[in-house]
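A structural walkthrough
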Amino acid sequence: MSRVALEVWHLTLVMSSKRKKVSTGDNEQQKLSKKQRTVEADDGEVPSTSHAESSEEQETEDGGTVIYRRSQTSGPRVEEDMEEESVVDLSQNPGFNVEGDDSAMCGIIEKIELKNFMCHPRLSINFGPAINFIVGHNGSGKSAVITALVVGLGGKASVTNRGTKMKGFILTGKQTAEVEIRLRNQGQDAFMPKAYGRTIIINRKFNSDGTSQYKLKGHNGKVVSTKKDDLMRILDQFNIQVENPLAILNQETSRNFLNSKSTNDKYRFFLKATQLEQIKEDYERADEHKNRTIEIINDKVGMMPKLEAEILALERQFKALTAVDDLKTKAQRLRHELAWAFIIEKEKGMDPLVKEKNHEEARLPSFKQHAEDAKRKLDEVNTRMNEMTSRLSASGGDVKSLQPKLNEAKADLAEQKKTSRNAQLEVKRLEGAVRSSKKEEQEILNRIKEIQSSAKHDYEAERQARQQKVSELEAQLAGLEAEEKTTDHMVDQHRSCVTKYRNDQFKLNQESQTLQTQLAKNQRNLQAMKASQGNRLRRFGPQIPDLIKAIDQAHAQGRFHKKPIGPIGACFTLKDNKWALPVECCLKGLMNAFCCHDYQDEKALEQIIQSVCPGNKITIITSRFKDQVYDTKTKGADTRQYPSVLDMIQSDEPMVYNTLIDQQTVECVLLIEDGRTARQVMDPEKNPPRNARQAFTLNGDQVISQPTFRYYSSNQDKVKYLTTNVEDDIAAIEADIVNLQKKVGQMRQTSTQLEGDIQSNQQLERKGSTQLMKIRDKKRKITMEITELKNIEDPAPVDVATYEEEVKLLRQQIEANEAQLLVKQTVYREQEEVLKEADDKFRKIETEVKSKIGAADQIKEEVGVIVSQLEECKRHKKHYDAKLKEQELKIRDVKDRIVKYQQEIDDDIAKAKEIHEERITTRRGSRNLGNEIAQIERQIKAQEKQHGDPAEIGRQYKEKRDSFTKIRKEVHQLKAFCESLDVAMSKRFDRYSEFRRYIALRIKTFFAMFLNERGYSGKITFSHKEGTLDMIVHPTKSGKDEGNKDLRSLSGGERSFSTICLILALWKSMECPFRCLDEFDVFMDMVNRRISMEILMNTAKEAKDRQFIFLSPLNMSNLGISSNRMRIFEMPTPERGQQTLDPDP
């Protein structure tokens, strides 16, 4: 009840504060007299903008009025980013000295800047402190300045009458628009001068998606706030009324006001302009709250008699109940005994745990002894291993040191063999030459004898014998060629077999290495599966449970704005587990990812990850958390025939769905069992389902439909994270490990067989090569013999003297060759001795190297044995260490259980002491005591059921009595408050009526006065009861020649002038640091326009602490009006792409 009263009282205070903002004419005159200052003429040099290519300055005779024109060839400003170089810059910068200006101290507009706003790519206007004119042709963007002023100061788009949405104000083709307004902030009424300084900069940016942002800056450009509430406080401080149609009068409002035929519309305009409408609404709302309060008071008053009767009945019932105190006392005593009976029973439960601990501790020394023995054996084997490694290293060093000597001796031996071979060839050549010469000599001598012995000789028999010999040799040669071909083919076959077996061995080794890698991977997966039997998070990594625990602790400490979610794969389950493999193939790395609310949470999570699992790369996705899942009805795939990944996932976290939608668009990924069906469904030429981009099959294959049709086979055949039956997966992995081990063993046997086949074929290849060399040597000899036989010719009869001369020459040649032969034989024998020495040296070094290598091979064999022993010792040590650790864990677990059990006992003792301080020794069991207590409680309930519960009745009696007292007090207070509120509201309504009458009278007076400036007469008639405002204007001063005329019967100029008079009269009844008037003279003739201008100028001169902004499409230079406090800004002629049409001929 009191809350309603406080709400009503608060509303009356708000109305009172708003009431003070509307001042009467007398208060306005007093304020003007207090703030009246001498305004110095601002006729100094006006700096032109640095980016304008052409500008003109025209000074009137009194040096006061300055006209600025801007062409549309202005270049872009250097300090601002432009998307296109051809953007037209219409900025104007007349400037005025703010620090030396004694006009309005706060609230007036110093400057407005537009960027991509309506028709202006860029526009900047510096306003003077008093009178400002913005002139230009229709369509040049004058009204856009007023629109920008309204929305820049927080006004709604609908208030401007130029659109309903902010994005409609953005220049066509652009994504954003900006409006920046500078307000003067000086004097005693300045708003937070320490933060903002002498100027407040209000920046509002609009986006094409309909959003906008505010930035409130100080005079130095530093952002002070980004809240609209702070902007509203600034406007309240300066009394800027953005939505007051009289403060900023745009074209649409002015046109509607001129063309309105309803006197009620004019009256509503009057109320809204003078804020009387707001005050009236506040009074009506307060009265509504008061009536609601009275209704509540009446309801409470009606409830009071019934409540009083209930209190009396409870009081009588409470006094009648006194019979169950003894039973409750006994039950309380038994509860005390029961509490300690529980303690005694629980202390007896400690004995089995102590026995178990003693038993496990007794077994511990045996495990320690086994572990120490295994460690000692491992150390011994390591020592032997180190010794053998040292010996092997030393042996290798000896071989390495002998290698240069061996290479040198080998090279020397090869060189000596070459020299000896050359000497041997030279000796053989000379011996052959001697034999050939002697043979030829003997043949010639025999020929001489034959010639001498017989003049005739039968050469035909010798020729036939030679031919027969040649035939036999050619037959042998053909047989050798066939044998050579066969042997060469066999050698090639053996060489091919060696190459094939080596390739097979290489492939086998690669397959074996792949299987070993898969075996190691399966063993790791097996360990992870076994570890994840008790904790599913271990599937995502051994350190993930610790990471989750650290995240929970950090969240409890308040380090996160919202607790991170992850791993994402652990945060959801599947509706059908047969799709586990395709879902994992689709999500890939997202299964291990974490999701954070903002970048501060991301930074905190990164620190935790680095401390808990350093070196582990975990993906972190930053996205603001939402409580609702994204709506994917329009953008999701058509799932009527095939489900999507999103349909198959179920989770309690909306952000799990949203993250998968953002990162992997799972609403567009279908699940199709068969690969062939998936390819047919996703084929772009066969019209795939709506919005379906990808599909996954049961075996994890991926089908992509857009942008190009592709099919990828999955390289994953096992489910890693989403499996539900861990035991079956463990059994399957163990079976795979056994099969892989068998395959690796089979491959090793096959590799050994291949190595034997390679060596056998290499041996056969060497044997065949040797045989082939022998065959080719025989072929060479037979070929030479055949050539010699074929070269023998039957000698023709010659003279004996010729033969004797040849014999003489041959003997000389033989003697010369024998002399050379003796020399060469001596050289050869010497070279053979040198060769033997080089060979002995090489054989000696080679024998030494082979002995060292043999020793190293023996050491390697021993090292291999030791490695086997070392592996066995490591396995034994690992086994016994694990057993020891397991035993220690058992003991620690028992001790922890004992400690935990003892803690439970201590906690129970503390609870028992809370029930009864002193320990009660009892032999009764807790069940016996509990049964007795239950029996007593049943007796108590039976008594209370018959007579009622005293405690409950007492509680109800006290609550009813307190509630009755409180309601009676509140009703009394609220009645008094409503009575005083009625009196206050009656007075306020009287004052409101009186205030409204004073304002109306003031407006009537000023309206008649302003009409008189033109020689017109007229009046304004208010009917506050009917809510009408009627204007009557006589174009002549006397008004006798014509009857009463309303605005509809006047000409356009007369109507516009009358409207100006009304606006000026209303201005006399409102407070605002600036006034804006758009196209007030559009329908006036030159006389009405000049007089209107004079009235406006006089009004502006009188209101020296006010700023005026007038917009007109007409030229101001021919009015002859000037002032040293006036600024005129001329907008450039718009380019609309218009062309002149040639008249018809």
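Residues numbered from 1 in each chain as written. Predicted model: local features only at pLDDT ≥ 70, side-chain atom pairs only at ≥ 80, totals over all residues. Heavy atoms only, no water.

Take the sheet that holds strand β18 (residues 710–712) next. Spatially, β15-β16-β17-β18 is the arrangement adopted by the 4 strands of the open sheet, whose pairing is mixed. Two strands close off the open sheet at either side, each with one partner strand: β15 (669–671) and β18. Averaged over all adjacent pairs, the angle separating strand axes in this sheet is 20 degrees, with direction ignored. Bridging between strand β16 (residues 694–696) and strand β17 (residues 702–704) involves 3 bridges; their strand directions are antiparallel. Residue pairing in the sheet places F696 in a bridge with Q702 of β17. Along the sheet, helix α17 (residues 675–682) contacts β15, β16, β17 and β18; its crossing angle with β17, the most-contacted strand, is approximately 10 degrees. (Pairing = 2+ DSSP bridges. Helix = DSSP H or I, 4+ residues; strand = E, 2+ residues; numbered from the N terminus. Axes fitted to C-alpha atoms, helices over the stretch in contact; angles between N-to-C directions. Contact = heavy atoms within 4.5 Å.)

With that settled, the discussion passes to the nonpolar core. Grouped together as the largest cluster of nonpolar side chains are 102 residues, with contacts concentrated most on L153 and F270. A per-element tally of this core places helix α21 (residues 950–1014) first, with 12 residues. Once residues within four sequence positions are removed from consideration, L153 is found in contact with I181, L183, I202, L231, M232, L235, I240, V242 and F1074. (Core = buried A, V, L, I, M, F, W, Y, C linked by side-chain atoms within 4.5 Å. Buried < 20%, exposed > 50% of the residue type's maximum accessible area, 1.4 Å probe, protein only.)

A few words on the pattern of salt bridges. With the rule as written, the count across this model stands at 30 salt bridges. As a salt-bridge pair, K217 and E180 come within 4.0 Å of each other at their nearest N and O atoms. In this pair, K217 is assigned in strand β8 (residues 212–217) and E180 in strand β6 (residues 176–185), connecting sequence segments 37 residues apart. On the basis of relative accessibility, which here comes to 14%, the residue E180 falls in the buried class. A salt bridge links K438 to E818; its shortest N-O distance comes to 3.2 Å. Here K438 is found in helix α10 (residues 350–453), whereas its partner E818 is found in helix α19 (residues 800–915), with 380 residues between them in sequence. (Salt bridge = Lys/Arg side-chain N within 4 Å of Asp/Glu carboxyl O.)

The subject of this paragraph is the environment of A882. By the secondary structure assignment, A882 is in helix α19. Sequence spacing of A882 and A371 is 511 residues, and the spatial spacing of their C-alpha atoms is 9.1 Å.

In this section: the confidence of the model for the protein chain. Predicted coordinates in areas of low pLDDT are best not read in detail. Here the protein chain averages 77 in pLDDT, while 81% of its residues score no lower than 70. Counting interchain partners and residues more than four positions distant, the pLDDT-below-50 stretch residues 1–102 has 212 contacts. pLDDT under 50 marks residues 1136–1145. Its contacts with residues more than four places away, or in other chains, come to 2 contacts. (pLDDT = per-residue confidence, 0-100.)

Each α-helix turn comprises 3.6 residues. Residues three or four places apart therefore point the same way. All of the buried residues in α17 are G675, A678, V681 and M682. The buried side chains of α17 occupy one side of the element, clustering within an arc of 125 degrees when seen end-on. Packed against the buried residues of α17 are β15, β16, β17 and β18. For α17, the N-terminal capping position is held by D674, with its side-chain oxygen 3.4 Å away from the main-chain nitrogen of R676. (Arc of directions from axis to C-beta. Polar contact = N/O pair within 3.5 Å; in protein donor to acceptor, adjacent residues only side chain to side chain.)

A sheet is described by the order of its strands in space; here 6 strands give the open sequence β4-β3-β6-β7-β8-β9, paired in antiparallel fashion. Here the strands that pair on one side only, and so sit at the sheet edges, are β4 (120–126) and β9 (223–225). The average undirected angle you get between the axes of adjacent strands in this sheet is 25 degrees. Relative to β6, strand β3 (residues 106–117) is paired through 7 bridges, and the arrangement is antiparallel. Bridged to E113 within β6 is E180. Contacting β3, β4, β6 and β7 (199–207), helix α3 (residues 142–152) crosses the sheet at an angle of about 110 degrees to β3.

Of the strand pairs in this sheet, β7 and β8 are connected by 6 bridges, and their pairing is antiparallel. Bridge assignment links F206 to a residue of β8, and that residue is S212. Between β7 and β8, which follow one another and run antiparallel, lie 4 residues, and G210 among them has a positive phi close to 95 degrees. Here 2 bridges tie β8 to β9, and the two strands are oriented antiparallel to one another. Residue pairing in the sheet places L216 in a bridge with S225 of β9.

What follows is about the packing of aromatic side chains. One pass over the structure, following the stated rule, counts 8 aromatic pairs. Taking 5.6 Å as the distance between ring centres and 35 degrees as the angle between the ring planes, the aromatic pair formed by F117 and F169 counts as tilted. Residue F117 is found in strand β3, and its partner F169 is found in the loop between α3 and β6; the two are separated by 52 residues along the sequence. Here F117 and F169 have matching classes, each one buried. Consider the rings of Y283 and F989, whose centres lie 5.3 Å apart with planes at 65 degrees: the pair is edge-to-face. (Phe/Tyr/Trp six-rings, centres within 6.5 Å; stacked < 30°, edge-to-face > 60°.)

Attention now moves to helix α12 (residues 544–556). Here α12 contains 13 residues, and its C-alpha end-to-end distance of 18 Å stays within 8% of the 18 Å for a straight helix at 1.5 Å per residue. Among the residues making up α12, those that are buried are I544, P545, L547, I548, A550, I551 and A554. At its buried positions, α12 is contacted by β12 (594–596) and α14 (599–612). (Expected span 1.5 Å × (residues − 1).)

What follows concerns unusual backbone geometry. Across the chain, the bulk of peptide bonds are trans and the bulk of non-glycine residues have phi less than zero. Residue P567 follows G566 across a cis peptide bond; omega there is -15 degrees. Inspection of the secondary structure assignment puts P567 in the loop between α12 and β11 (573–574). Phi at N116 is positive, roughly 55 degrees, even though this residue is not glycine. With respect to the element layout, N116 can be found in strand β3. For M192, which is not a glycine, the phi torsion comes out positive at approximately 45 degrees. Mapping M192 onto the fold places it in the loop between β6 and α4 (193–196). With relative accessibility at 45%, the residue M192 sits in the partly exposed group.

This paragraph deals with the side chain of D598. The topology assignment puts D598 in the loop between β12 and α14. Notably, D598 is buried but unbridged: the nearest opposite-charge side chain belongs to R624, and the N-O separation is 5.6 Å. Engagement of the side chain of D598 in a polar contact is seen with the backbone nitrogen of Q600, the distance being 3.4 Å. A polar atom in the side chain of D598 sits 2.9 Å from the backbone nitrogen of D601. Setting aside anything within four residues of it in sequence, one finds D598 in contact with H561 and T622. (Lys, Arg positive; Asp, Glu negative; His and termini not counted.)

Attention shifts here to the environment of F1010. Here F1010 lies in helix α21. For the pair formed by F1010 and S1092, sequence separation is 82 residues and the distance between their alpha carbons is 9.0 Å.

With that settled, consider the pairing of β4. With respect to burial, β4 is a largely interior element, 7 of its 7 residues being buried. Across 6 bridges, the pairing between β3 and β4 is antiparallel. The residue of β4 that forms the bridge with K111 is N126. Between β3 and β4, which follow one another and run antiparallel, lie 2 residues, and M118 among them has a positive phi close to 55 degrees.

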